[in-house]
Amino acid sequence: MEKEVRKGMLTEIVDLLANDKVRIIKRPPGVYGITSTWAHKDKTAWKAGSEVHSVKSRLCPRGYEQRAGVEGKDFNPDKIEAPTPSSETLFMSLALQVNRDMHCNVIDESSAFSNTPLEDNVYMEFPDGMRNTPGKDYILQLVNSINGTRQAANNYYNLRSKAFLLEEGFKVSTVDPCFFWKWINDKHLVFVLLWTDDFRVCADRESDLAALTKRFTERRTCVVQPGGEKYLGLVIKHDRKNGTIEVSAEEKVRDLLARFGMQNCNPSSTPAIPRSKLSKAPEYVDAEAQQFDLPSCAASCLWLARFCRFEILHQARELMRHMQNWSTEHVQAAKHLLRYLKGTQAMTLSLHRGQPHFIRLAAYSDSDWAGSPETSHSPMCSTSGNVLYLVQIGAIYAQSVTQKTVALSTAEAETIAACECTKRVRAGREFLSEIGFPQLEPSEIKEDNEACIAMSKSILTSSKSRHMKIKHHYVRSQVAEGEVKLVPCPTTDMVADILTKNLERPQFEKLRDILLGKAPGLY
């Protein structure tokens, strides 16, 4: 493989020098460059019945050696951050795609960062594998924002991506700066969701999609994926005939099970033992339990929960709270969750077409009062669970979070949860109104606590509610302004309940099917 690595490094160096992304210059007085490292990826593949070995190499400057304001190691500390879209925006865009029956392409720009101009003076010493023939008096000057420099992601977003889309007539969302949209003739929608260097482009008309894709490919080297089925490790299947989008991470689940040797385990019917709760690990280190990589397992499960498997969010989040020290109890809980994933590998999140051009935001809000055990990291704190969905389409966001304060009553716990839900709903309403789908009616937040509903409508306070002024008044003010409306919901139909506690199998499966769009309730 050493021969392939050397070839990959040579290809990268030639590309950087030949395309003027890096220049060899005489070292300016007193300048010492940052160092670099190499990243290699095995691209071995089978072609024409034989195995072809190849390695893709990337030269990566050590950006952490850069110093603000110091010549030769320069960057602007106010221009290093780069946005990525929230999961709500991703699923909002998928909901628009299925509801309007839009056409889609995913465009991935090749060598994205290294094709972006660099506005600062950044110098780099000659890397390993590149002989400094001119001598020590020479150094490399970075002309483009090579991946690894502090300002690379920011430059790519502002100078290459955002600038191009604004030039094409798009507007950038103030709620999520990675979402760009425009209306053609006031009735045909085109939008772009930018995730680093992956552009998910959707258009009402196929001709508009083809025209924008052509302009992309004319001005940059891109890989175009028609239909946009594979995106961010997800498989997104748009069934235009039946009006559905299925979001799956089956391959990710298989990889996760194989990584922890659970590919042949017996499946379980729920993510956790019903009514079970995790306690804090003992102070001593459980050497046997530490052999299981709980942080990696919990983080992988949380990724799945955020992007398509909303029903495991509560248990994945619970495991994440024990990443610093864990015991056999937590390992068993993690394996139980993996066993559930084993039995539901093919489970998908479904979004439905619904009524044409009808977009209305609503939510479920619930809490598990004093649900954290006394032996946990947050003793006797409640757990908030919230689900945002588009009526007749499906769920777009799920949240499960431990409240930071101890609630003194169920009404207080529910109010804290409703406050968090109201903030998310308000942001969603702003986003939809901004891009052309005004929410003319208050968004319904379904709530199963009558006291919480009553307090949201009343200007009066009592001895039981005076101490929670801020959250109480925020929800009440949004109700008064007509932004949200708390409406009663039977506890048995409270979809957010699945995000606050470990339920018995019948109730879990009922709420899971509603949450994932397999049964009526959200659509």
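Residues numbered from 1 in each chain as written. Predicted model: local features only at pLDDT ≥ 70, side-chain atom pairs only at ≥ 80, totals over all residues. Heavy atoms only, no water.

(A) Representation of the layout of surface pockets within the structure. Roughly 560 Å³ of internal volume is contained in the largest pocket. Taken together, 25 residues make up the lining of the largest pocket; nearest its centre are Lys 56, Arg 58, Ser 111, Asn 147 and Asp 197. Secondary-structure elements contributing two or more residues to the lining of the largest pocket are helix 1 (2–18), strand 2 (36–42), strand 5 (55–61) and strand 6 (103–109). Sorting elements by how many residues they give to the lining of the largest pocket places strand 5 first, with five residues. (1 Å grid on protein atoms, 1.4 Å probe; cavity = no way out; pocket = protein on both sides within 12 Å on 5 of 7 lines; lining within 4 Å. Points joined across faces, edges and corners; volume = space filled by probe spheres on them. Helix = DSSP H or I, 4+ residues; strand = E, 2+ residues; numbered from the N terminus.)

(B) Molecular detail of the packing of aromatic side chains. Counted by the stated rule, this structure contains 13 aromatic pairs. Through pairs of rings, three or more aromatic residues link up here, namely Phe 164, Phe 199 and Phe 216. A cation over an aromatic ring shows up here: Arg 200 above the ring of Tyr 231, its NZ or CZ 5.3 Å from the ring centre. The ring of Phe 164 carries Arg 220 above its face, with NZ or CZ at 4.8 Å from the centroid. (Phe/Tyr/Trp six-rings, centres within 6.5 Å; stacked < 30°, edge-to-face > 60°. Lys NZ or Arg CZ within 6 Å of the ring centre and 35° of its normal.)

(C) The arrangement of the sheet that holds strand 9 (residues 171–172) in detail. Reading across from one edge, 9-10-11-12-6-13 is the order of the six strands in this open sheet, with antiparallel pairing throughout. Looking at strand neighbours, the two that pair on one side only are strand 9 and strand 13 (222–226), the edges of this open sheet. In the sheet, strand 9 pairs with strand 10 (residues 179–184) via two bridges, with the strands oriented antiparallel. In the strand pairing of strand 10, Val 172 is matched with Phe 180. (Pairing = 2+ DSSP bridges.)

(D) Looking closely at empty space enclosed by the protein. Inspection of the entire model under this criterion finds four cavities of 30 Å³ or more. What lines the largest cavity is Thr 270, Pro 271, Ala 272, Glu 311, Ile 312, His 314, Gln 315, Ile 498, Lys 501, Asn 502, Leu 503 and Phe 508. For the lining of the largest cavity, the residue count by class is six nonpolar, four polar and two charged. (Nonpolar A, V, L, I, M, F, W, Y, C, P; charged D, E, K, R; others polar.)

(E) View of the packing of helix 3 (residues 152–167) against helix 4 (residues 206–219). Axis separation between helix 3 and helix 4 bottoms out at 12 Å; the angle between their running directions is 135 degrees. By the angle between their directions, the pair helix 3 and helix 4 is classed as oblique. The two elements helix 3 and helix 4 meet at a crossing, and its hand is right-handed. Contacts from Arg 160, Phe 164, Leu 165 and Glu 167 in helix 3 reach Arg 215, Phe 216 and Arg 219 in helix 4. (Axes fitted to C-alpha atoms, helices over the stretch in contact; angles between N-to-C directions. Parallel < 35°, antiparallel > 145°, perpendicular 65-115°, else oblique. Left-handed = near helix turned anticlockwise from the far one by under 90°. Contact = heavy atoms within 4.5 Å.)

(F) Spotlight on the nonpolar core. Residues Val 247, Leu 338, Leu 341, Tyr 364, Leu 390 and Ile 396 are the most contacted members of the largest nonpolar core, which totals 100 residues. Per-element tally for this core: the top contributor is helix 7 (residues 294–307), with eight residues. Ignoring any residue separated from it by four or fewer positions in sequence, one finds Leu 390 in contact with Met 92, Ala 95, Ile 359, Arg 360, Leu 361, Ile 396, Leu 432 and Leu 522. Core analysis: the second largest hydrophobic core is formed by 20 residues, Phe 113, Phe 180, Val 190 and Ala 203 among them. (Core = buried A, V, L, I, M, F, W, Y, C linked by side-chain atoms within 4.5 Å. Buried < 20%, exposed > 50% of the residue type's maximum accessible area, 1.4 Å probe, protein only.)

(G) Representation of the sheet that holds strand 1 (residues 22–26) in the model. In space, the three strands of this open sheet follow the order 1-8-7, with antiparallel pairing throughout. A strand with exactly one partner marks an edge of an open sheet, and here the two such strands are strand 1 and strand 7 (117–124). Direction aside, the axes of adjacent strands within the sheet are offset by 25 degrees on average. Sheet topology places strand 1 next to strand 8 (residues 138–144); five bridges connect them, and they run antiparallel. Bridge pairing in strand 8 links Ile 25 to Ile 139.

(H) Inspection of helix 2 (residues 87–99) at higher detail. End to end, helix 2 covers 18 Å across 13 residues, agreeing with the expected 18 Å (1.5 Å per residue, within 8%). Counting buried positions along helix 2 yields 13 of 13 residues, so the element is predominantly enclosed. (Expected span 1.5 Å × (residues − 1).)

(I) Broad picture of helix 3. Taking 1.5 Å per residue as the helical rise, helix 3 with its 16 residues ought to reach 22 Å, and the 21 Å between its terminal C-alpha atoms agrees with that figure. The sharpest bend along helix 3 comes to roughly 30 degrees, located at Ser 161. Here helix 3 has its buried residues at Ala 152, Asn 154, Asn 155, Tyr 156, Tyr 157, Arg 160, Ser 161, Phe 164 and Leu 165. Looking one or two residues past helix 3, Gly 169 carries a phi angle of roughly 95 degrees, positive in sign. (Bend = angle between axes of the 7 residues up to and from the residue.)

(J) The arrangement of the environment of Ser 327 in detail. Relative to the elements of secondary structure, Ser 327 occurs in the loop between helix 8 (313–320) and helix 9 (328–343). Here Ser 327 falls in the buried class, since its relative accessible area comes to 10%. Spatially, the C-alpha atoms of Ser 327 and Val 285 are 7.8 Å apart, while their sequence positions differ by 42 residues. Ignoring any residue separated from it by four or fewer positions in sequence, one finds Ser 327 in contact with Ala 281, Pro 282, Asp 286 and Ala 289.

(K) Representation of the environment of Ser 400 in the model. Relative to the helices and strands, Ser 400 is located in strand 20 (residues 394–402). For Ser 400, a relative accessible area of 4% puts it in the buried group. Sequence separation between Ser 400 and Ala 362 is 38 residues, and the spatial gap between their C-alpha atoms is 17 Å. Those residues in contact with Ser 400 that sit more than four places away from it in its chain are Leu 313, His 314, Arg 317, Thr 383, Ser 384 and Leu 499. Reaching out from Ser 400, the side chain makes a polar contact with the backbone oxygen of Leu 499 at a distance of 2.6 Å. (Polar contact = N/O pair within 3.5 Å; in protein donor to acceptor, adjacent residues only side chain to side chain.)

(L) Structural detail: the side chain of Asp 366. Inspection of the secondary structure assignment puts Asp 366 in strand 18 (residues 361–368). For the buried Asp 366, no salt bridge exists, and the shortest N-O distance to an oppositely charged side chain is 4.5 Å, to Lys 501. Those residues in contact with Asp 366 that sit more than four places away from it in its chain are Thr 383, Ser 384, Gly 385, Asn 386, Glu 414, Ala 417, Asp 448, Met 494, Ala 496, Asp 497, Thr 500 and Lys 501. (Lys, Arg positive; Asp, Glu negative; His and termini not counted. Salt bridge = Lys/Arg side-chain N within 4 Å of Asp/Glu carboxyl O.)

(M) Spatial organisation of the pattern of salt bridges. Overall, the coordinates contain 27 salt bridges when judged by the stated rule. Residue Lys 21 pairs with Asp 15 through a salt bridge whose shortest N-O separation is 3.0 Å. Given a relative accessible area of 4%, Lys 21 falls into the buried group. Between Arg 317 and Glu 318 there is a salt bridge; the shortest N-O distance is 3.0 Å. One salt-bridge network, in which partners are shared between bridges, spans Arg 426, Arg 429, Glu 430, Glu 481 and Glu 483.

Function cannot be read off these values alone, since they describe shape.
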